[in-house]
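# Structural features, examined
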Amino acid sequence: MIPISADPGAVQLATDTGQSSLAAPAIILCGMLMLITLCAYLLPAFVRRGSLRAPTLAATLRDAAIVCATSALAVHVYGLMCYVRLENEFHTCGPLRPAAPADFLGMDESLFPVSSVCRWSDGYTHDFVPAFVNPAIAALLALAVIAAGAALGHAGAGRDLARRG
């Protein structure tokens, strides 16, 4: 346990934050590249058609699945940007409770689901990642799976009708 007794006015960037120096930045970089790639795919497809409506229901559902997955990725990248810190855990969490009688216990961090939680001995916690991030990611991924499944179902039904007709 580390007692909170540091000078609150001192700003010290830590060279060792305790976080993996490659994991979160690599995920943020890959996520940003994927977002740019998916947007580069979607925008010309919409412009080429002249509208946001695809020619078939299956194509519309496919595009909806891609948009939901892209949005989930964007929310996850946002959560990771809240997760990354520039100071060690003591200097990151210490100013949150400068007059706290409880001892600072440390930080718990997770990439999936995204969380970065400061914990004190009296049970108080503070999460740097906003509360909406993980439920939004789950909901958007569920919508993407549902839309992709429906797109596959409609595409299969369209092929069956084409074979019969």
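Below is a short write-up of the structure. All values reported here derive from a predicted model rather than from experimental measurement.

The rules behind the values
- Residues numbered from 1 in each chain as written.
- Predicted model: local features only at pLDDT ≥ 70, side-chain atom pairs only at ≥ 80, totals over all residues.
- Heavy atoms only, no water.
- Helix = DSSP H or I, 4+ residues; strand = E, 2+ residues; numbered from the N terminus.
- Buried < 20%, exposed > 50% of the residue type's maximum accessible area, 1.4 Å probe, protein only.
- Contact = heavy atoms within 4.5 Å.
- Areas by Shrake-Rupley, 256 points an atom, 1.4 Å probe, with all protein chains shown as cover.
- Pairing = 2+ DSSP bridges.
- Core = buried A, V, L, I, M, F, W, Y, C linked by side-chain atoms within 4.5 Å.
- Salt bridge = Lys/Arg side-chain N within 4 Å of Asp/Glu carboxyl O.
- Disulfide = S-S within 2.5 Å.
- Phe/Tyr/Trp six-rings, centres within 6.5 Å; stacked < 30°, edge-to-face > 60°.
- Axes fitted to C-alpha atoms, helices over the stretch in contact; angles between N-to-C directions.

## Here we look at the overall build of the protein chain
Along the protein chain, the regular secondary structure elements total 4 helices and 3 strands. Of all 165 residues assigned to the protein chain, the portion counted as buried reaches 31%. Restricting to contacts in the protein chain with at least 6 residues of sequence separation, those with at least 24 account for 65%. In the structure as shown, the protein chain presents an accessible area of about 10100 Å², 68% of it carried by carbon and sulfur atoms.

## Comments concerning the pairing of strand E1 (residues 104-110)
Both faces of the sheet carry side chains from a regular strand, because those side chains alternate between them. When E1 meets strand E2 (residues 115-120), the two strands line up antiparallel, connected through 6 bridges. Note on E2: the bridge partner recorded for Ser110 is Ser115. Linking two consecutive strands that pair antiparallel, namely E1 and E2, is a turn of 4 residues.

## Structural notes on the nonpolar core
Counting 13 residues, the largest nonpolar core has Val75, Leu80, Tyr83, Val114, Val129 and Val133 as its most contacted members. Among the elements that take part in this core, helix H2 (residues 57-83) stands out by supplying 6 residues, more than any other.

## Some words on unusual backbone geometry
That bond from Phe112 to Pro113 is cis: its omega, -10°, falls within 30 degrees of zero. Mapped onto the fold, Pro113 is located in the loop between E1 and E2.

## Details of the pattern of salt bridges
In total, this model carries 2 salt bridges according to the counting rule given. In this structure, the salt-bridge partner of Asp63 is Arg62, at a minimum N-O distance of 3.1 Å. Since its relative accessible area comes to 5%, Asp63 is described here as buried. A salt bridge links Arg119 to Asp108; the nearest nitrogen and oxygen atoms lie 2.3 Å apart. Of this pair, Arg119 sits in strand E2 while Asp108 sits in strand E1; the two residues are 11 residues apart in sequence, bridging distant segments of the chain.

## Some words on the environment of Ile66
Position of Ile66 relative to the elements: it lies in helix H2. It is 8.8 Å that separates the C-alpha atoms of Ile66 and Ala147, two residues lying 81 residues apart in sequence. Discounting chain neighbours no more than four positions away, the residues touching Ile66 are Leu38, Tyr41 and Leu42.

## Examining the state of the cysteines
Within the structure shown, the criterion is met by 1 disulfide. Between the sulfur of Cys93 and that of Cys118 lies a disulfide, 1.7 Å long from S to S. Looking along the S-S bond of the Cys93-Cys118 disulfide, the torsion reads about -65°, which is the left-handed sense. Here the residue Cys93 occupies a position in helix H3 (residues 89-93), and Cys118 occupies one in strand E2, the gap between them amounting to 25 residues. Accessibility classification places Cys93 together with Cys118 in one group, the buried group.

## Comments concerning the packing of aromatic side chains
Scanning the model with the defined rule gives 3 aromatic pairs in all. Ring centres of Tyr78 and Phe132 lie 6.1 Å apart, and the angle between their planes is 20°; on these two criteria the pair is classed as stacked. Here the residue Tyr78 occupies a position in helix H2, and Phe132 occupies one in the loop between strand E3 (125-127) and helix H4 (133-164), the gap between them amounting to 54 residues. The rings of Phe104, Trp120 and Tyr124 are connected pair by pair, giving a single aromatic cluster.

## Points about the sheet that holds E3
Strand order in the open sheet formed by 3 strands is E1-E2-E3, and the pairing between neighbours is antiparallel. Each having just a single partner strand, E1 and E3 make up the two edges of the open sheet. Taking the axes of each pair of neighbouring strands and ignoring which way they run, one obtains an average angle of 15° across the sheet. Bridge count for E2 against E3 is 3 bridges, and the pairing is antiparallel. Each bridged residue has a counterpart across the sheet, and for Arg119 the counterpart in E3 is Thr125.

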